[in-house]
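# Close look at the chain arrangement
So you can see what is in the structure, the chains are spelled out below.
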Amino acid sequence: MNPSRLTRRAVLRAAAGTPFATSAAAQDASPRIAGKRPMLVHNDFPEDLEALPEYLATWITPIDAFFVRQHLPRPTIQVGAFRLVVGGMVESRLDLGIQDLRDFPQFTVPATLECAGNGRNNFRPRVPGLQWSKGAIGNAEWRGPRLRDVLAKARASSAAAFADFNGADNGLAKTPDFIRSIPMRKLLHDSTILALSMNGQPLPELHGGPVRLIVPGWDGASWVKWVNSIELTAQPNAGFYMNPAYRYPRFSVAPGGTAKPEEMDVIEGMVVKSFFATPSDGAKVRLGLVSLKGIAWGGEERIAKVEISTDGGARWSSAAVGREDYRFAWRTWNYNWKPVGAGYHTLCVRATDLAGHTQPIEPAWNPSGYLWNGIERIGVMVES
Ligand SMILES: Nc1nc2c(c(=O)[nH]1)N[C@H]1C(S)=C(S)[C@@H](COP(=O)(O)O)O[C@H]1N2
Ligand SMILES: [Mo]
């Protein structure tokens, strides 16, 4: 059975206020996590929480609907005592408190955060890892200082090619410390910031508060939470979360196959994708106008068009795209569908970015199940 279905039923039960069943399946016990709506709970500690599709119909994803992913238990941080150290290849090492970060010019960046493993449960053969459906994604307004300004204040050496970002969460038993290296070309971009706030609120702890890295267009693993150390280096970090994790085969591999470790590249920009927020797969609707809604985004590329098919992919027509248009943020789309008649209809959505990339029917299988962006198909029963 599909574990995410099990989880989803448990979520709905929890939402309805019925007591949890004492099921043998761990994922069947879906606790409510403080500050969140009912979510698909992949793990309750450390929290790995997935948004339900219907939470993703709006341009901004509210904090209580935003997915959560963490490899390690979340640290307890006293904001007043928090320090961020910037060292390594710099002329003046910095030791900054939160107020120091607030004293830099502040910038707001609307940007979509998506886990590289979002959609992993679609890959066949199945791959290990959290079996995310489509909700390991959200769009928010992040605000804080530019990395560029912080690095200039530290007088970063021109020989530094990367910075290693480490958060206040520490390695535990078999799980190594979470450290990510980001190349300087991305760190110097105007939109790469250290976020102190999310959707106008102080950055919540679950999302890396008091400070996290925002790497617009890049996979979620780059967006290090609880950043307390930035080390400038000539070479990328060699730890687990840079290698072998979060890498993608340079040459496509046969489904179920393997790739040579030296032919795996670090994932950077995310790929073009779209999906339905409503209706949900399997929904019943009344004959008449049906409003279809969802989102589309293209990582570092802007969306050029979103198309809908209501006949299983035979014919396509353009959806209306929402007016909020920022390079690194998703676009909402909607389409008013007039079903030709009662019965079961297969609806599809596909997006194309300005660079001309569009979504495949079946994305390339890869050993860790990253970057799923297949054209979504849902079934809807129209009743007269
Ligand atoms: N310090 C730290 N930062 C982290 C992680 C982590 O485990 N530790 N997980 C990363 C991954 S894999 C993702 S997808 C995003 C998820 O961000 P969110 O929990 O705010 O949605 O955080 C990233 N930043
Ligand atoms: Mo992730």
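Residues numbered from 1 in each chain as written. Chains lettered and ligands numbered in written order. Predicted model: local features only at pLDDT ≥ 70, side-chain atom pairs only at ≥ 80, totals over all residues. Heavy atoms only, no water.

### A short note on the packing of aromatic side chains
Here the structure, examined in full by the defined rule, presents ten aromatic pairs. Ring centres of Phe-66 and Trp-142 lie 5.9 Å apart, and the angle between their planes is 85°; this geometry places the pair in the edge-to-face category. Here Phe-66 is found in the loop between β2 (47-50) and β3 (84-88), whereas its partner Trp-142 is found in strand β6 (residues 137-145), with 76 residues between them in sequence. Judged on exposure class, the residue Phe-66 and its partner Trp-142 are both buried. Judged by centre distance (5.0 Å) and plane angle (90°), the rings of Phe-123 and Trp-372 are edge-to-face. (Phe/Tyr/Trp six-rings, centres within 6.5 Å; stacked < 30°, edge-to-face > 60°. Helix = DSSP H or I, 4+ residues; strand = E, 2+ residues; numbered from the N terminus. Buried < 20%, exposed > 50% of the residue type's maximum accessible area, 1.4 Å probe, protein only.)

### Some points on the pairing of strand β19 (residues 303-309)
Most of β19 sits out of view: five of its seven residues are buried. When β19 meets strand β23 (residues 343-353), the two strands line up antiparallel, connected through six bridges. Across the sheet, Val-306 pairs through a bridge with Ala-351, a residue of β23. (Pairing = 2+ DSSP bridges.)

### Points about the pattern of salt bridges
As enumerated under the stated definition, the model contains 19 salt bridges in all. Where Asp-64 meets Arg-37, a salt bridge forms, and the shortest distance between an N and an O atom there is 3.0 Å. Of this pair, Asp-64 sits in the loop between β2 and β3 while Arg-37 sits in the loop between α1 (3-16) and β1 (40-44); the two residues are 27 residues apart in sequence, bridging distant segments of the chain. The partly exposed category is assigned to Arg-37, whose relative accessible area is 28%. Across the pair Glu-307 and Arg-350 runs a salt bridge whose closest N-O atoms are separated by 2.8 Å. Remark: Arg-350 occurs in strand β23 and Glu-307 occurs in strand β19; sequence separation between them is 43 residues. With relative accessibility at 22%, the residue Arg-350 sits in the partly exposed group. What emerges from the salt-bridge pattern is a single network uniting Glu-47, Arg-74 and Glu-205. (Salt bridge = Lys/Arg side-chain N within 4 Å of Asp/Glu carboxyl O.)

### As for the environment of Lys-134
Within the secondary structure layout, Lys-134 lies in the loop between β5 (106-114) and β6. When the C-alpha positions of Lys-134 and Glu-376 are compared, they lie 9.9 Å apart, and in sequence the two are 242 residues distant. Apart from the residues within four sequence positions on either side, Lys-134 is in contact with Glu-50, Pro-53, Leu-56, Asn-118, Phe-275, Phe-276 and Glu-376. (Contact = heavy atoms within 4.5 Å.)

### What to know about the confidence of the model for the chain
Per-residue pLDDT for the chain averages 93, and the proportion of residues at 70 or more is 92%. Segment residues 1-28: pLDDT under 50, and 37 contacts once partners within four positions in sequence are set aside and those in other chains are kept. (pLDDT = per-residue confidence, 0-100.)

### Re the sheet that holds β3
Read from one edge to the other, the open sheet built from five strands follows the order β4-β3-β13-β7-β8, with strand pairing classed as mixed. Edge positions in the open sheet fall to β4 (94-96) and β8 (179-183), since each of these has one partner strand only. Put simply, the sheet's adjacent strands are angled 20° from each other on average, direction ignored. Relative to strand β13 (residues 227-233), β3 is paired through four bridges, and the arrangement is parallel. Across the sheet, residue Val-85 finds its bridge partner in β13, namely Ser-229. (Axes fitted to C-alpha atoms, helices over the stretch in contact; angles between N-to-C directions.)

### Digging into the sheet that holds β6
Spatial ordering of the open sheet is given by β5-β6-β10-β11, a layout of four strands whose pairing is antiparallel. Looking along the sheet, the strands with just one partner apiece sit at the ends: β5 and β11 (201-202). Summarising the sheet, β6 and strand β10 (residues 197-198) pair through two bridges and their orientation is antiparallel. Along β10, the bridge assignment pairs Arg-143 with Ser-197.

### Quick notes on the site of ligand 1
The immediate surroundings of ligand 1 are formed by 20 residues, with Phe-67, Asp-169, His-207, Arg-212 and Lys-225 found nearest. One of the backbone N or O atoms of Arg-69 is found 2.9 Å from an oxygen atom in ligand 1. Between ligand 1 and the protein, one listed contact pairs an oxygen atom with a side-chain N or O atom of Lys-225 at 2.5 Å. Classifying every residue of the shell around ligand 1 by side-chain character gives twelve nonpolar, four polar and four charged. (Near = heavy atom within 4 Å. Polar contact = N/O pair within 3.5 Å; in protein donor to acceptor, adjacent residues only side chain to side chain. Nonpolar A, V, L, I, M, F, W, Y, C, P; charged D, E, K, R; others polar.)

### Observations concerning the nonpolar core
Core analysis: the largest hydrophobic core is formed by 81 residues, its most contacted members being Val-86, Leu-101, Trp-142, Phe-165 and Leu-194. Aside from chain neighbours lying at most four places away, what touches Val-86 is Arg-93, Leu-94, Leu-96, Val-150, Leu-151, Ala-154, Ile-230 and Leu-232. Ranked by size, the runner-up nonpolar core spans 19 residues in total, among them Val-272, Leu-292, Ile-308 and Trp-337. (Core = buried A, V, L, I, M, F, W, Y, C linked by side-chain atoms within 4.5 Å.)

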